[in-house]
Amino acid sequence: MGRVEGKVALITGAARGQGRSHALRLAEEGADVVLLDVCAPIESVPYPLATEDDLKETEALVAATGRRVLSRIADVRDQAQLDAAVADAIGTFGHIDIVCANAGIVGFRPTWELSDAEWQDMLDVNLTGVFHTVRAVVPEMIRAGRGGSIVITSSIQAMLGSANIGHYNASKSGVVGLMRTLATELGPHGIRVNTVNPSAVETPMLHNDATFRIFAPDLEAPGPDDLWERSKGRNPMGIGWVATQDMTNAVLFLASDEARFITGVALPVDAGVRL
């Protein structure tokens, strides 16, 4: 306990899934937490996104740890919304030390069949959303002079090439390149920047009808068990997906002083999918 004691963590995509897991663990380890999520659907996304009720639930769970928590509805595609949320966070906590740029979406379609909206929404959320987050937070981190850690959620797809996710792969590969430049720029300020690169993670982004059908198009009504069976052969450890806590363990490590000299790294948490 206490691995991030006295620090303030800002998390995008915090209402559920990996974001909720990161928020709870960082709070349990001593951080105050800022929760941001769009809490609204995006028309091109083929599964339900988090709701305001999800965000309120995460807020309550974090508060139950005894740490302070601030939650705001904010769309990472909108710089003004992020700037306002960061201003609220600074007004409440005085500084931000940890940033989990986690908000993301996925979709499935052969690249040449993607609509302009599918392509643009993917890049706007997954890549430009990270840029907006960094642009909102970094000046305050530099001003505070406390150093810090930025952890961006990328994907193992940035190291591979799988069918039907060209727009997703482009966005997640883009954040790895952005991370490397930021690590170079922010190192002199004591701010480390890394990505975590998961394979499939057990979240609503994975467990939905659109994903089940892309993995098992031959089945009339595929479900989680079918997805597990079809996915486990993709890695040498024979698992269908990793758990949110596996990702959170990596995020916590990178956010903590245990990783004080680790920057510019794309960290796979993938059971060996990339091998």
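- An unreviewed UniProt entry lists the protein under the name Mycofactocin-coupled SDR family oxidoreductase, with Rhodococcus sacchari as the source organism.

1. Notes on the layout of surface pockets
Consideration 1: In this model, the largest pocket occupies a volume close to 890 Å³.
Consideration 2: Tyr47, Ile105, Val106, Tyr168 and Met205 are the residues nearest the centre of the largest pocket, which is lined by 47 residues in total.
Consideration 3: At the level of secondary structure, the elements contributing two or more residues to the lining of the largest pocket comprise helix H1 (17-28), strand S2 (32-37), helix H5 (166-186) and helix H6 (209-215).
Consideration 4: Across the lining of the largest pocket, the residue classes break down as 25 nonpolar, 16 polar and six charged.

2. Side note on the packing of aromatic side chains
Consideration 1: The final tally for this structure, using the stated rule, is one aromatic pair.
Consideration 2: Consider the rings of Trp228 and Trp241, whose centres lie 4.9 Å apart with planes at 85°: the pair is edge-to-face. Of this pair, Trp228 sits in helix H7 (residues 224-231) while Trp241 sits in the loop between H7 and helix H8 (244-255), placing them 13 residues apart in sequence.
Consideration 3: Overall, Trp228 belongs to the partly exposed group, its relative accessible area being 27%.
Consideration 4: With a relative accessible area of 13%, Trp241 lands in the buried category.

3. Thoughts on the nonpolar core
Consideration 1: Counting residues in hydrophobic clusters, the biggest one holds 44 residues, and the most contacted among them are Ile96 and Ile150.
Consideration 2: Counting only elements with at least two residues in this core, the list comes to strand S1 (8-12), S2, helix H3 (79-93), strand S4 (98-101), helix H4 (116-144), strand S5 (148-153), H5 and strand S6 (191-198).
Consideration 3: If we skip the residues at most four places from it in the chain, Ile96 touches Val8, Leu10, Val86, Ala89, Ile90, Val137 and Met141.
Consideration 4: Within the second largest apolar cluster, 30 residues are counted, among which are Val4, Leu24, Val33 and Val62.

4. Comments concerning empty space enclosed by the protein
Consideration 1: With the rule as written, the count across this model stands at one cavity of 30 Å³ or more.
Consideration 2: Its boundaries defined by the atoms lining it, the largest cavity holds a volume of some 50 Å³.
Consideration 3: Considering the residues around the largest cavity, the lining is formed by Ser199, Ala200, Ser231, Arg234, Asn235, Ile239, Gly240, Trp241, Val242, Asp270, Ala271 and Val273.
Consideration 4: Among the residues forming the lining of the largest cavity, the class breakdown is six nonpolar, four polar and two charged.

5. Observations concerning the sheet that holds S1
Consideration 1: Taken in spatial order, the seven strands line up as S3-S2-S1-S4-S5-S6-S7 in an open sheet, and their pairing is parallel. Sheet topology places strand S3 (69-73) and strand S7 (266-269) at the edges, where each strand pairs with a single neighbour. In this sheet, neighbouring strand axes are inclined to one another by 15° on average, regardless of whether the strands run parallel or antiparallel.
Consideration 2: Across three bridges, the pairing between S1 and S4 is parallel. The residue bridging Ala9 from the neighbouring strand is Ile98, located in S4.
Consideration 3: Sheet strands touched by H1: S1, S2, S4, S5 and S6. Its angle to S1, the strand with the most contacts, is close to 170°.
Consideration 4: Sitting on the sheet, H4 touches S1, S4, S5 and S6, and the angle it makes with S5 is about 175°.

Cut-off values and rules
Residues numbered from 1 in each chain as written. Predicted model: local features only at pLDDT ≥ 70, side-chain atom pairs only at ≥ 80, totals over all residues. Heavy atoms only, no water. 1 Å grid on protein atoms, 1.4 Å probe; cavity = no way out; pocket = protein on both sides within 12 Å on 5 of 7 lines; lining within 4 Å. Points joined across faces, edges and corners; volume = space filled by probe spheres on them. Helix = DSSP H or I, 4+ residues; strand = E, 2+ residues; numbered from the N terminus. Nonpolar A, V, L, I, M, F, W, Y, C, P; charged D, E, K, R; others polar. Phe/Tyr/Trp six-rings, centres within 6.5 Å; stacked < 30°, edge-to-face > 60°. Buried < 20%, exposed > 50% of the residue type's maximum accessible area, 1.4 Å probe, protein only. Core = buried A, V, L, I, M, F, W, Y, C linked by side-chain atoms within 4.5 Å. Contact = heavy atoms within 4.5 Å. Pairing = 2+ DSSP bridges. Axes fitted to C-alpha atoms, helices over the stretch in contact; angles between N-to-C directions.

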